[in-house]
Amino acid sequence: MVVGAGHDARTTARRGAAVPESADDPAVPGASATGDGLARRRRRRWLRGGALGTAVLLLAAGGAGWALYARLSDNITPDEAAARELARYDKERPTALVSGAQNILLIGTDSRAGDGNGQYGRDSGAERSDTTILLHLAADRRSATAVSLPRDLMVRVPACPRAGGGRTEPSFAMFNTAFEVGGSACTIRTVEELTGIRVDHHMVVDFSGFKQMVDAVDGVPVCLRKPVDDKAARLKLPAGRVTLDGEQALGYVRARKTLGDGSDTERMGRQQRFLGALVEKVRGDGVLLNPVKLYPLLDAATSALTTDPELASLRGLYRLVRGVRDIPTAHVRFLTAPREAYVYDSDRDQLVQPEAGELFARLRADRPVAVADIPPDTGGKSPGDNAGNSPSATPTYRGSTAAAHTCE
């Protein structure tokens, strides 16, 4: 779910098993998938974009507006621990190549901590990232590209501090273990080493936060080709166009056995399509211009967020996304990093090269990519002429846009 959705219980982060009492605990290398901090994560940048823009207008209303602004800003949890850890390694981190372009890492965790999350299973104390999306905002703010990073991708995870003290050794492991062992900072450093892209900001959200966002917009419509009856996902739906509430949406983005081919790749694609539908709902349903609809959305979004300190206020978020609300939904692209079965374990993933390297290089240089519904056996990239020979050609990857409306 991309937003709080998950594989076997959301695993994409590597964070120490124990969770700090405070987000400011210096022993904690950033937001963890366990604990109250998780209840404040959300990764709906586009939603927030327009929503925050309108929220700022409340300030003009006088004292009441200021009170609402202060409350919403205070909802957001600043990830001070991650900021300290990243500052420690600043000289080793990638350099931003294009002024004005922004890269935001959106992390959905499998935390069972927080209100309502316990029903999704036992909290083992070791939380991992369930969904991780690298969102690239073009410098001209005319397009946005969201790249899902498979949780089972085999990657190099750097040495990271443990919540209980000490540091882990560098390892070659599944991507989702980065959050489990080292929190958001460890995940960010892993992504930067994998892609060569500087992560400017990050946001973390859990199951509860995702559901609240969906309920705040009165549900999100999806189209199902067949009825769904998935006990594991607590999901029973008829065929056709259905509007999902928060609980149903969570089951929809987490389901594996009854939707699609059961693969994690297909699940990520479904999460991406759902996020596109959510963007469409917020932008096309009058939410951004209706304070009665907007405030619950803002309250749910900010309460669910843990972000880097710079974004931990409505003002900070607004600075980032004030131009994003004007991006056409057809220019909000979703895709999964080109992946294939890991050569030594078919239950794990590895990047397809040179396609993945080219994708990351283009995002790093703020160059465009295109998405289309292409066969999955191409490594995630179109085999056509635009995929390779000409340096000036725009490569096409398997994916969709926020304007796409496809049925399962």
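Residues numbered from 1 in each chain as written. Predicted model: local features only at pLDDT ≥ 70, side-chain atom pairs only at ≥ 80, totals over all residues. Heavy atoms only, no water.

Help me get a handle on helix α10 (residues 355-364), residues and values and all.
The complete set of buried residues in α10 reads Glu355, Ala356, Leu359, Phe360, Arg362 and Leu363. Within α10, the buried residues cover an arc of 160 degrees as seen down the axis, which keeps them to one side. Where α10 terminates, the next one or two residues include Asp366, which has phi positive at roughly 60 degrees. (Buried < 20%, exposed > 50% of the residue type's maximum accessible area, 1.4 Å probe, protein only. Helix = DSSP H or I, 4+ residues; strand = E, 2+ residues; numbered from the N terminus. Arc of directions from axis to C-beta.)

Can you explain helix α5 (residues 207-216)? Please cite residues and give values.
Counting buried positions along α5 gives 8 out of 10 residues, so the element sits mostly inside the fold. Listing the buried residues of α5 in full gives Phe207, Ser208, Gly209, Phe210, Lys211, Met213, Val214 and Ala216.

How would you sum up the environment of Ser208? Please name residues and give values.
Along the chain, Ser208 turns up in helix α5. Residues Ser208 and Ala304, spaced 96 residues apart in sequence, show a C-alpha to C-alpha distance of 7.6 Å.

I'd like to hear about the confidence of the model for the chain, residue by residue, with values.
Averaged over every residue, the pLDDT of the chain is 76; the share at 70 or more is 71%. For the stretch residues 33-63, pLDDT sits under 50, and the model shows 131 contacts to residues farther than four places along the chain or on other chains. Within the model, the stretch residues 383-389 combines pLDDT values under 50 with 9 contacts to residues more than four positions away or in other chains. (pLDDT = per-residue confidence, 0-100. Contact = heavy atoms within 4.5 Å.)

I'd like a description of the packing of helix α6 (residues 246-254) against helix α7 (residues 264-284), backed by residues and values.
Packing of α6 against α7 brings their axes to within 8 Å, and their N-to-C directions diverge by 145 degrees. Note on element contacts: α7 touches α6 through Arg267, Arg270, Gln271 and Phe274, opposite Ala249, Tyr252, Val253 and Arg254. Broken down by class, the residue content of the contact of α6 with α7 amounts to 4 nonpolar, 1 polar and 3 charged. (Axes fitted to C-alpha atoms, helices over the stretch in contact; angles between N-to-C directions. Nonpolar A, V, L, I, M, F, W, Y, C, P; charged D, E, K, R; others polar.)

Let's hear about the packing of aromatic side chains: which residues, and what values?
Using the criterion set out here, one finds 4 aromatic pairs in the structure. Between the aromatic rings of Phe172 and Tyr342, the centroid separation amounts to 6.2 Å while the plane-to-plane angle is 50 degrees, which identifies the pairing as tilted. Of this pair, Phe172 sits in strand β6 (residues 171-174) while Tyr342 sits in strand β14 (residues 339-342), and the two are 170 residues apart along the sequence. Ring plane angle 75 degrees and centroid distance 5.5 Å describe the contact between Tyr342 and Tyr344, whose orientation is recorded as edge-to-face. Members of the aromatic cluster, joined through ring pairs, are Phe172, Tyr342 and Tyr344. Cation over ring: Arg189 sits above Tyr89, and NZ or CZ is 3.7 Å from the ring centre. Over the aromatic face of Tyr252 sits the side chain of Arg270, whose NZ or CZ is 5.7 Å from the ring centroid. (Phe/Tyr/Trp six-rings, centres within 6.5 Å; stacked < 30°, edge-to-face > 60°. Lys NZ or Arg CZ within 6 Å of the ring centre and 35° of its normal.)

Tell me about the environment of Tyr342, and please be specific about residues and values.
Overall, Tyr342 belongs to the buried group, its relative accessible area being 17%. When the C-alpha positions of Tyr342 and Leu153 are compared, they lie 8.0 Å apart, and in sequence the two are 189 residues distant.

Which residues make up the nonpolar core, and what values do they have?
Ranked by internal contacts, the top residues of the largest apolar core, which has 35 residues, are Leu244, Tyr252 and Phe274. Residue assignment for this core shows that the elements contributing at least two residues are α2 (63-75), α5, β8 (220-224), β10 (235-237), β11 (240-244), α6, α7 and α8 (291-303). If near-sequence neighbours (up to four positions away) are discounted, Leu244 is found in contact with Val214, Gly219, Val220, Val222, Leu237, Ala249, Tyr252 and Phe274. Of all hydrophobic cores here, the second largest spans 31 residues; its members include Leu153, Ala185, Val204 and Leu351. (Core = buried A, V, L, I, M, F, W, Y, C linked by side-chain atoms within 4.5 Å.)

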